[in-house]
Amino acid sequence: MGQVAVVSLVLATIAVGCTKPNPEACCETDAQCAMLGVTAHRPCVAGQACASTTLTCMAAECETSADCTSPDAAVCINRLCVGACQSNADCAGLTDKPLCLAATGQCVGCLDATTCPSDQAFCDADTHACRGCQRDDECASGVCVEADGVCATSDQLLFVSSVGADTGDCVAAPCASVGYALQKVTGQ
């Protein structure tokens, strides 16, 4: 057998023999273990966390996202501060930003209006923060009290128009004067 054949046989043996994962590598999640090619988790020792990119143990940095102070790595995933969230659980501990916006990987205050409290019923499309109303057309009643950021309810409204009449309740049909409408409010 020639030297080339022996070298080829040795290289083939080495290539076949290198299927075992590095015993120093860690995996604490199913996804990490799949990357490593194993099924059993290989956790790090207490106080350490498994880095998703290198699958090596390093000092843990956080328990919740509130522990992450850098704007470039503001989310705690698997006890390490990273730049992007993957789920709402990653934003735990951030009281003003408890939700994960999947499109950007940012923790935000709201995804849409359904995730906002009633006193701040609008989700700002740019900042993804809950806010009060800013324009009349945002309110079902057609009236936003901008100073308070709340929509007026229909029982809080009286309508006045130059084509109205000073009769009735100033709701179903507009009144003609502010004075008549004020009488409805004050009862005088």
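Residues numbered from 1 in each chain as written. Predicted model: local features only at pLDDT ≥ 70, side-chain atom pairs only at ≥ 80, totals over all residues. Heavy atoms only, no water.

Let's talk about the overall build of the protein
Part 1 of the reasoning: If you tally the helices and strands in the protein, you get three helices and 10 strands.
Part 2 of the reasoning: Looking at the protein as a whole, 28% of its 188 residues are labelled buried.
Part 3 of the reasoning: For the protein, the proportion of contacts with a sequence separation of at least 24, taken over those separated by at least 6, is 12%.
Part 4 of the reasoning: Of the roughly 12,100 Å² of accessible surface on the protein, a fraction of 57% belongs to carbon and sulfur atoms. (Helix = DSSP H or I, 4+ residues; strand = E, 2+ residues; numbered from the N terminus. Buried < 20%, exposed > 50% of the residue type's maximum accessible area, 1.4 Å probe, protein only. Contact = heavy atoms within 4.5 Å. Areas by Shrake-Rupley, 256 points an atom, 1.4 Å probe, with all protein chains shown as cover.)

Looking at the state of the cysteines
In protein chemistry, a disulfide is the covalent bond that joins the sulfur atoms of two cysteines.
Part 1 of the reasoning: Inspection of every chain in the model, using the stated rule, returns 12 disulfides.
Part 2 of the reasoning: Between the sulfur of cysteine 170 and that of cysteine 175 lies a disulfide, 1.3 Å long from S to S. Handedness here is read from the sign of the S-S torsion; for cysteine 170 and cysteine 175, about -90°, the answer is left-handed.
Part 3 of the reasoning: Under the relative-accessibility criterion, cysteine 175 is labelled buried at 0%. (Disulfide = S-S within 2.5 Å.)

Looking at a nonpolar patch on the surface
Part 1 of the reasoning: A contiguous nonpolar patch, built from Leu158, Phe159, Val171 and Val185 and spanning about 320 Å² of accessible area, is present on the exposed surface.
Part 2 of the reasoning: For leucine 158, the position within the fold is in the loop between strand 10 (150–151) and helix 3 (178–186).
Part 3 of the reasoning: Judged by its relative accessible area of 32%, leucine 158 falls in the partly exposed class. (Patch = residues over 30% accessible without salt bridge, like charges linked within 9 Å, V, L, I, M, F, W, Y side chains within 5 Å. Salt bridge = Lys/Arg side-chain N within 4 Å of Asp/Glu carboxyl O.)

Topic: the nonpolar core
Part 1 of the reasoning: Counting residues in each nonpolar core, the largest one holds nine residues, listed as Ala25, Cys26, Cys27, Cys33, Leu36, Val38, Cys44, Cys50 and Leu55.
Part 2 of the reasoning: Filtering out sequence-adjacent residues up to four positions away, cysteine 50 remains in contact with Cys26, Cys27, Glu28, Gln32, Cys44, Leu55, Thr56 and Leu80.
Part 3 of the reasoning: With seven residues, the next largest nonpolar core counts Ile77, Cys91, Leu94 and Cys100 among its residues. (Core = buried A, V, L, I, M, F, W, Y, C linked by side-chain atoms within 4.5 Å.)

Overview of unusual backbone geometry
Part 1 of the reasoning: A positive phi is found at arginine 79, a non-glycine position, where the angle reads about 65°.
Part 2 of the reasoning: Residue placement: arginine 79 occurs in the loop between strand 3 (75–77) and strand 4 (80–82).
Part 3 of the reasoning: The phi angle at histidine 128 is positive, at roughly 55°, despite the residue not being glycine.
Part 4 of the reasoning: Within the secondary structure, histidine 128 sits in the loop between strand 7 (122–123) and strand 8 (130–131).
Part 5 of the reasoning: According to the relative accessible area criterion, histidine 128 is buried, its value standing at 17%.

Looking at the pattern of salt bridges
Part 1 of the reasoning: Enumeration according to the criterion identifies five salt bridges in this entry.
Part 2 of the reasoning: Two residues, glutamate 28 and arginine 79, come together in a salt bridge whose shortest N-O distance is 3.3 Å. Of this pair, glutamate 28 sits in the loop between helix 1 (3–17) and helix 2 (30–36) while arginine 79 is found in the loop between strand 3 and strand 4, placing the two residues 51 residues apart along the sequence.
Part 3 of the reasoning: The exposure class assigned to glutamate 28 is buried, which follows from its relative accessible area of 18%.
Part 4 of the reasoning: Judged by its relative accessible area of 27%, arginine 79 is partly exposed.
Part 5 of the reasoning: Notably, a salt bridge pairs glutamate 138 with arginine 135, separated by 3.4 Å at the nearest N-O pair.
Part 6 of the reasoning: Counted as one network, the salt bridges with shared partners bring together Asp124, Arg131, Arg135, Asp137 and Glu138.

Considerations on the side chain of histidine 128
Part 1 of the reasoning: Only 3.5 Å separates the side chain of histidine 128 from the backbone oxygen of alanine 125, close enough to count as a polar contact.
Part 2 of the reasoning: Those residues within four positions of histidine 128 in sequence are excluded, and the remaining contacts are Leu101, Val108, Gly109, Cys110, Leu111 and Cys123. (Polar contact = N/O pair within 3.5 Å; in protein donor to acceptor, adjacent residues only side chain to side chain.)

Details of the environment of alanine 176
Part 1 of the reasoning: By secondary structure assignment, the location of alanine 176 is in the loop between strand 10 and helix 3.
Part 2 of the reasoning: Residue classification places alanine 176 among the partly exposed residues on the basis of a relative accessible area of 33%.
Part 3 of the reasoning: Placed 17 residues apart in sequence, alanine 176 and phenylalanine 159 show a C-alpha to C-alpha distance of 8.7 Å.

Looking at the environment of alanine 173
Part 1 of the reasoning: Counting through the fold element by element, alanine 173 comes out in the loop between strand 10 and helix 3.
Part 2 of the reasoning: The exposure class assigned to alanine 173 is partly exposed, which follows from its relative accessible area of 40%.
Part 3 of the reasoning: Separated by 14 residues in the primary sequence, alanine 173 and phenylalanine 159 place their C-alpha atoms 7.4 Å from one another.

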